[in-house]
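# Architecture and fold: a report
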2 protein chains.
Amino acid sequence: MTGKHLIEDFRVPPGKRVRLTDFDPAFKGKHSKSHALRKTQELCASMGELQQKLFAERKRSLLVCLQALDAGGKDGVVKHVIGSMNPDGCDVANFKEPTPEELAHDFLWRVEAKTPKRGEIAIFNRSHYEDVLIVRVHNLVPKEVWSKRYDQINDFERRLAANGTHILKFFLHISKEEQLRRFEQRLDDPTKRWKISESDYTEREYWDDYGRAYEDALAKCSTGDAPWFVIPADYKWLRDMAISEIIVKTLESMNIQVPKPTVNIEDIRRKYHSAAKQDKHGEARHKRRTRT
Amino acid sequence: MTGKHLIEDFRVPPGKRVRLTDFDPAFKGKHSKSHALRKTQELCASMGELQQKLFAERKRSLLVCLQALDAGGKDGVVKHVIGSMNPDGCDVANFKEPTPEELAHDFLWRVEAKTPKRGEIAIFNRSHYEDVLIVRVHNLVPKEVWSKRYDQINDFERRLAANGTHILKFFLHISKEEQLRRFEQRLDDPTKRWKISESDYTEREYWDDYGRAYEDALAKCSTGDAPWFVIPADYKWLRDMAISEIIVKTLESMNIQVPKPTVNIEDIRRKYHSAAKQDKHGEARHKRRTRT
């Protein structure tokens, strides 16, 4: 973890075996909380400007997948990082337990429907990866079905990428102890208590099974087109800074071009604005100063 | 304009004839810009909390329609007011020129598809009202078709309201001079120039026709279930404060209830948390303090 940018530090290299025990969920390096919060704010401002250019260009798009175990911080990232973007042109799709209609189709059908339009950003809060995670851990389909899905996912993501969708996949990595602490905070919070269920706790018995399923998904599906990042997520401020930085660096690397005007700006100015200026120069100037 | 709250000042009373000349687009009353900006920030914070409760309750929803002439500030409201909400549970739908598929259906078909789910908020950037505005001004369908749409819209909105959707409709009212000033600012802004077209200017010849079409829509479709508000919009800070306040007052008036937990909180605490606490009390306490 010595790279200059977090984008390199946390990326899973294509084809590399992954052991989650090699990643410290409580990593914070030399970063301090106060500096990270300030940095995240700056990054979020840049993100907003880059989003506006992406929208103007209308050629490429961005897809961000958020995966984590329960209480891993997906909702927090949506609220604090994604929430800084313009809601127009940035859609959040939640992939929960599939409906009967969704189950009647191929597992990527509902996912395809939520991919971003050109110029836009889609956030997947959970994603098609659930179909090789919870589905595998709880044997919801036979191994011969889920085991083929890694290649199917890679094919799908390669096609999206070839058509202009940049893809970033974040695994928010928390420790088992931190999950329990966060559950306890929920118990203490009257506005969040309503969502607690006993299965939140019984699901913890599968912690290691989820770990192995994640290791396989990360290793098999971190590609050049659609990299996986393992984000240390015990510290929320480190997590938010890392994700903001990776999104901003990615958008910057796209070298987005705002299109040229389709009209001659000087013609328009002469034709529609000069007269008005001459007629009531004084008044218009005055008003322009006050109406801001 | 003497009511205590802007929600009363700007509401169009049901059944009342509307003359836009009675509404000053440059109204600011006794409000100052600095106070309004601070107030809007507070209102946006309340909005976020109320949105979270609405989401938790999952019984009712909110639909906000934004209508205005070009440069009236719809995008600004989306960015600065709506942008303060959690993007999860708040969708922005843009109704642009209908696609062939949309035109092959009834005019409310595409609108129905974007109505908010229970617990969520939908923002319509333009809306079904275009079908009695631009469609009427440019004779896109015969009068005998569009003239029936006011009742059809009222029926549609009444059904939504009866099913738990609270509806707010904002007409952002700017002056013709302010529109020209904003067009000129676009000419000066390299990041916004690309969207200028000559039709922005030629459409100004229909200013009065649009005014009459708006007056009819406001008068015929401001109902108890789905009120219209005429928002003075020459001053962006007044516009944003007014809309934030009306949204907040509306959500407050809904008396939203966060559901009760489905589990016994104390049982869960004893069963899953006490042991952990006893085992490593010191360490857990220490960690909780640092991981924030």
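Refer to the structure above for everything that follows.
Residues numbered from 1 in each chain as written. Chains lettered and ligands numbered in written order. Predicted model: local features only at pLDDT ≥ 70, side-chain atom pairs only at ≥ 80, totals over all residues. Heavy atoms only, no water.

## Brief notes about the packing of aromatic side chains
- Counted by the stated rule, this structure contains 18 aromatic pairs over all chains.
- Seen from their ring centres, Phe10(B) and Phe27(B) are 5.8 Å apart, and the 80° between their planes marks the pair as edge-to-face. A residue pair is termed long-range when its members are at least 10 positions apart, and Phe10(B) in the loop between α1 (6–9) and α2 (33–57) and Phe27(B) in the loop between α1 and α2 qualify at 17 residues.
- Given the relative accessible area of 0%, Phe10(B) is considered buried.
- Residue classification places Phe27(B) among the buried residues on the basis of a relative accessible area of 15%.
- Through successive ring pairs, a cluster of aromatic residues spans Phe183(A), Tyr201(A) and Tyr272(B).
- Between Arg58(A) and the ring centre of Phe55(A), over which it is positioned, the NZ or CZ distance is 4.3 Å.
- Here the basic side chain of Lys220(A) rests over the ring of Tyr150(A), its NZ or CZ set 5.3 Å away from the ring centre. (Phe/Tyr/Trp six-rings, centres within 6.5 Å; stacked < 30°, edge-to-face > 60°. Helix = DSSP H or I, 4+ residues; strand = E, 2+ residues; numbered from the N terminus. Buried < 20%, exposed > 50% of the residue type's maximum accessible area, 1.4 Å probe, protein only. Lys NZ or Arg CZ within 6 Å of the ring centre and 35° of its normal.)

## Some words on the sheet that holds strand β2 (residues 90–94) of chain A
Residues and elements named next belong to chain A.
- Ordered in space as β2-β3-β1-β4-β5, the five strands form an open sheet in which the pairing is parallel. This sheet does not close on itself; its edge strands, each paired only once, are β2 and β5 (228–232). Taken over all neighbouring pairs, the strand axes of this sheet differ in orientation by 20° on average, direction set aside.
- Bridge count for β2 against strand β3 (residues 121–125) is five bridges, and the pairing is parallel. Looking across to β3, one finds that Val 92 is bridged to Ile 123.
- Those strands touched by helix α8 (residues 149–162) are β1 (61–68) and β4 (165–173), and its axis lies near 135° from that of β4.
- Against the sheet, helix α11 (residues 207–221) makes contact with β1, β4 and β5, and its axis sits at roughly 135° relative to β5, the strand it touches most. (Pairing = 2+ DSSP bridges. Axes fitted to C-alpha atoms, helices over the stretch in contact; angles between N-to-C directions. Contact = heavy atoms within 4.5 Å.)

## As for the pattern of salt bridges
- With the rule as written, the count across this model stands at 38 salt bridges over all chains.
- Across the pair Lys39(B) and Glu245(B) runs a salt bridge, and its minimum N-O distance is 3.5 Å. Here Lys39(B), found in helix α2, pairs with Glu245(B), found in helix α12 (residues 236–253); they are 206 residues apart in sequence, far enough to count as distant.
- Residue classification places Lys39(B) among the partly exposed positions, given a relative accessible area of 27%.
- Beyond isolated ion pairs, a larger network of salt bridges with shared partners links Glu178(A), Arg181(A) and Arg182(A). (Salt bridge = Lys/Arg side-chain N within 4 Å of Asp/Glu carboxyl O.)

## Regarding the interface of chain A and chain B
- Contact with chain A, which involves 61 residues of that partner, is made by 61 residues of chain B.
- Where chain A packs against chain B, one counts four salt bridges.
- Between Arg269(A) and Asp188(B) there is a salt bridge, with the nearest N and O atoms lying 2.7 Å from each other.
- Inspection of the chain A/chain B interface yields 10 residue pairs in polar contact (both at pLDDT 80 or more).
- When residues of the side of chain A that touches chain B are traced back to their parent elements, those giving at least two are α2 (33–57), α3 (74–80), β2, α9 (176–188), α10 (198–202), α13 (265–279) and α14 (281–290) of chain A.
- In terms of residue count, the dominant contributor to the side of chain A that touches chain B is α9(A) (nine residues). (Polar contact = N/O pair within 3.5 Å; in protein donor to acceptor, adjacent residues only side chain to side chain.)

## Topic: the side chain of Arg204(B)
Residue and element names in this part refer to chain B.
- Tracing the backbone through its elements, the reader meets Arg 204 in the loop between α10 (198–202) and α11 (207–221).
- The charged side chain of Arg 204 is buried without a salt bridge, its nearest counter-charge being Glu 177 at 6.5 Å.
- Looking at Arg 204, its side chain comes within polar contact range of the side chain of Gln 179, at 2.8 Å.
- Apart from the residues within four sequence positions on either side, Arg 204 is in contact with Lys 176, Gln 179, Leu 180 and Phe 183. (Lys, Arg positive; Asp, Glu negative; His and termini not counted.)

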